[in-house]
Amino acid sequence: MARVVILGGGFGGLAAARRLAGTEAQVTLVDRRNHHLFQPLLYQVATAALNPSNIATPIRRILRKARNIEVILAEGKAIDVAGRRLLLSDGELPYDQLIIAAGATHSYFGHPGWESHAPGLKTVEDALAMRRRVLLAFEAAEREEDPERRRRWLTFAIVGGGPTGVELAGALAEISRHTVAVDFRHIDSRDARVLLIEAGPRLLPTMSEEASQRARAQLEKLGAEVLTGAAVTGIDAEGVTLGETRIWARTVLWAAGVAASPLGQSLGVPLDRAGRVRVQPDLSIPGHPEVFVIGDLAALEQDGKSVPGVAPAAMQEGRHAGANVLRAVRKQPTLPFHYVDKGSLATIGRAAGVADFGRVHLSGFVAWLAWLLIHILYLIGFRNRLLVLIDWAWLYVTYDRGARLITGEVGPLLESPQGGERKSP
Ligand SMILES: Cc1cc2nc3c(=O)[nH]c(=O)nc-3n(C[C@H](O)[C@H](O)[C@H](O)COP(=O)(O)OP(=O)(O)OC[C@H]3O[C@@H](n4cnc5c(N)ncnc54)[C@H](O)[C@@H]3O)c2cc1C
């Protein structure tokens, strides 16, 4: 029986596993986390609208009915392509066919020091750390008596104007205008600033010009400020530097760059500038027809354009790689992959958004409704769908964000100008 190893239980790996479920292949899926994470809704955990368990499901549970698939919790360290072994941090797994779907991570464009001041969003832990930072900023502002320092606590700078940046900015603008104004006693929502900083000429560069303009207008309507053509040159604990301009902001969030998983490097095949593996049309790697790379880790040109690093592309590639593995096992020739672009969406606040479906461009409430339906449809598990719908309906009606918990020790919130004693409220 052919031994198939899938590395990664994200969108790509899971789609491949589902394609291979119930077939003659003996499949082992390896992931260093025990859960599949629905990353498109991570920003909602970071902004206290949803709980982590609403958007993460144990991989073992998702695949429980597939008797030919086992799930292993382990970290992949490298691939020995010549020896056909996946090397783990605590062992190894031999394979006949391998599908690598290890995804991507943050990139700080050669400035690793920025990470501690501007956390990114990729895992549940990242989202909880971001939520904590945002909620603590409001708590500190509530206690801060100096108006200028309070303003700095109430200034949120988001770096990167792609969908995640736009979605974070919309949610934070709403929190500062609505939630905060009601729950706190000393915070004036007019002091709060949410800035979305984008180096390129427009927001949502992968969407239509129209979507960019409408996203900007909707964000500005919510009270956020959008800075385009503004390249960040420095980030520290007190704010962001844009060339000659300094923005004082105690909370800086990173939504700018991604880099492919370092696992691709061990394959010994050509990578692109972001570290993605250049795959063949059938998604295998040059010289090794038994190794397939998919999702955010794969670089593939089609009709003169790169297949984008989005969930639908990873899922389509996963299904295709699964089918090609089966063809190889059955001694049939593999087939080239064809990406079908089903459109892109971004949401802005609790009831607005933009969407491009081919030549059809939507914005406002209808785009948000389309976004809502698609996300509910793709979310895994009936229970999660129901709970998320209830939470969104609640948020829609009340502006209330039910997951506003600051977990862990808080410690001193404010520094005194003399540098030492904690200020009393
Ligand atoms: C905040 C955010 C918002 C997004 N919003 C959208 C959106 O709205 N729409 C959209 O289409 N796309 C969105 N994306 C992109 C989308 O999530 C990715 O394109 C998609 O997840 C890629 O799928 P993948 O299978 O390649 O990787 P992933 O889904 O990231 O899965 C990779 C898996 O591999 C595992 N793994 C990684 N390294 C190892 C290792 N060494 N050993 C063991 N396991 C490992 C990880 O734990 C993970 O489970 C968003 C991404 C982020 C981060």
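Residues numbered from 1 in each chain as written. Predicted model: local features only at pLDDT ≥ 70, side-chain atom pairs only at ≥ 80, totals over all residues. Heavy atoms only, no water.

Comments concerning the overall build of the protein chain
Looking only at helices and strands, one finds eleven helices and 27 strands in the protein chain. Seen through its C-alpha atoms, the protein chain measures out along the principal axes to roughly 70 × 50 × 45 Å. Across the 425 residues that make up the protein chain, the buried fraction comes to 52%. (Helix = DSSP H or I, 4+ residues; strand = E, 2+ residues; numbered from the N terminus. Buried < 20%, exposed > 50% of the residue type's maximum accessible area, 1.4 Å probe, protein only.)

Side note on the site of the ligand
Around the ligand, a shell composed of 28 residues is seen, among which Gly-12, Asp-31, Gly-76, Asp-296 and Ala-311 lie nearest. In this structure, an oxygen atom belonging to the ligand sits 2.8 Å away from a main-chain N or O atom of Gly-12. Measuring from an oxygen atom of the ligand, one finds a side-chain N or O atom of Asp-296 at 2.8 Å. About the coverage of the ligand: the protein hides 88% of its 990 Å² of free accessible area. Looking at the shell around the ligand, the element that brings in the most residues is helix H9 (residues 311–329), giving three residues. Broken down by class, the residue content of the shell around the ligand amounts to twelve nonpolar, ten polar and six charged. (Near = heavy atom within 4 Å. Polar contact = N/O pair within 3.5 Å; in protein donor to acceptor, adjacent residues only side chain to side chain. Areas by Shrake-Rupley, 256 points an atom, 1.4 Å probe, with all protein chains shown as cover. Nonpolar A, V, L, I, M, F, W, Y, C, P; charged D, E, K, R; others polar.)

Section: the sheet that holds strand E13 (residues 225–227)
With parallel pairing, the four strands of this open sheet are ordered in space as E13-E12-E11-E17. Strand pairing shows two members of the sheet lacking a second neighbour, E13 and strand E17 (251–254), which therefore form its edges. Direction aside, neighbouring strands of the sheet carry axes that sit 20° apart on average. Bridge count for strand E11 (residues 155–159) against strand E12 (residues 193–197) is five bridges, and the pairing is parallel. (Pairing = 2+ DSSP bridges. Axes fitted to C-alpha atoms, helices over the stretch in contact; angles between N-to-C directions.)

Describing the sheet that holds strand E20 (residues 284–285)
The sheet built from six strands is open, its strands ordered E5-E2-E1-E9-E21-E20 with mixed pairing. Only two strands of the sheet have a single partner each, and these edge strands are strand E5 (69–73) and E20. Two elements, strand E1 (residues 3–7) and strand E2 (residues 26–31), share five bridges in a ladder whose sense is parallel. Looking at E2, one finds that Val-4 is bridged to Val-27. Sitting on the sheet, helix H1 (residues 11–20) is in contact with E1, E2, E5 and strand E9 (97–100), with an inclination near 155° to E1. H9 contacts E1, E9 and strand E21 (288–293) of the sheet and is inclined by roughly 170° relative to E9. (Contact = heavy atoms within 4.5 Å.)

Points about helix H10 (residues 365–378)
With 14 residues, H10 ought to run about 20 Å at 1.5 Å a step, and its terminal C-alpha atoms sit 20 Å apart, in line with that. Within H10, the full set of buried residues consists of Ala-367, Trp-368, Ala-370, Trp-371, Leu-372, His-375 and Ile-376. Here the buried face of H10 lies against helix H2 (42–46), helix H7 (163–183), strand E25 (344–348), strand E26 (352–357), strand E27 (360–363) and helix H11 (382–398). (Expected span 1.5 Å × (residues − 1).)

Examining a nonpolar patch on the surface
Residues Phe-365, Leu-369, Leu-373, Tyr-396 and Val-397 make up a contiguous nonpolar surface patch of about 480 Å² in total accessible area. Contributions of two or more residues to the nonpolar patch are made by H10 and H11. With three residues, H10 is the largest single contributor of residues to the nonpolar patch. Among the secondary structure elements, Tyr-396 is positioned in helix H11. (Patch = residues over 30% accessible without salt bridge, like charges linked within 9 Å, V, L, I, M, F, W, Y side chains within 5 Å. Salt bridge = Lys/Arg side-chain N within 4 Å of Asp/Glu carboxyl O.)

A few points about the pairing of E25
Counting buried residues along E25, four of its five residues qualify, which places the element largely inside the surrounding structure. Where E25 hands over to E26, the hairpin turn is made up of three residues, of which Gly-349 adopts a positive phi near 70°.

Digging into the pattern of salt bridges
If the charged atoms of two oppositely charged side chains come close together, the side chains can form a pair. Enumeration over the complete set of coordinates arrives at 20 salt bridges. Across the pair Arg-151 and Glu-148 runs a salt bridge whose closest N-O atoms are separated by 3.6 Å. On the criterion of helical spacing, the pair formed by Arg-151 and Glu-148 is a turn pair, its members being three residues apart in helix H6 (residues 147–153). A relative accessible area of 35% places Arg-151 in the partly exposed class.

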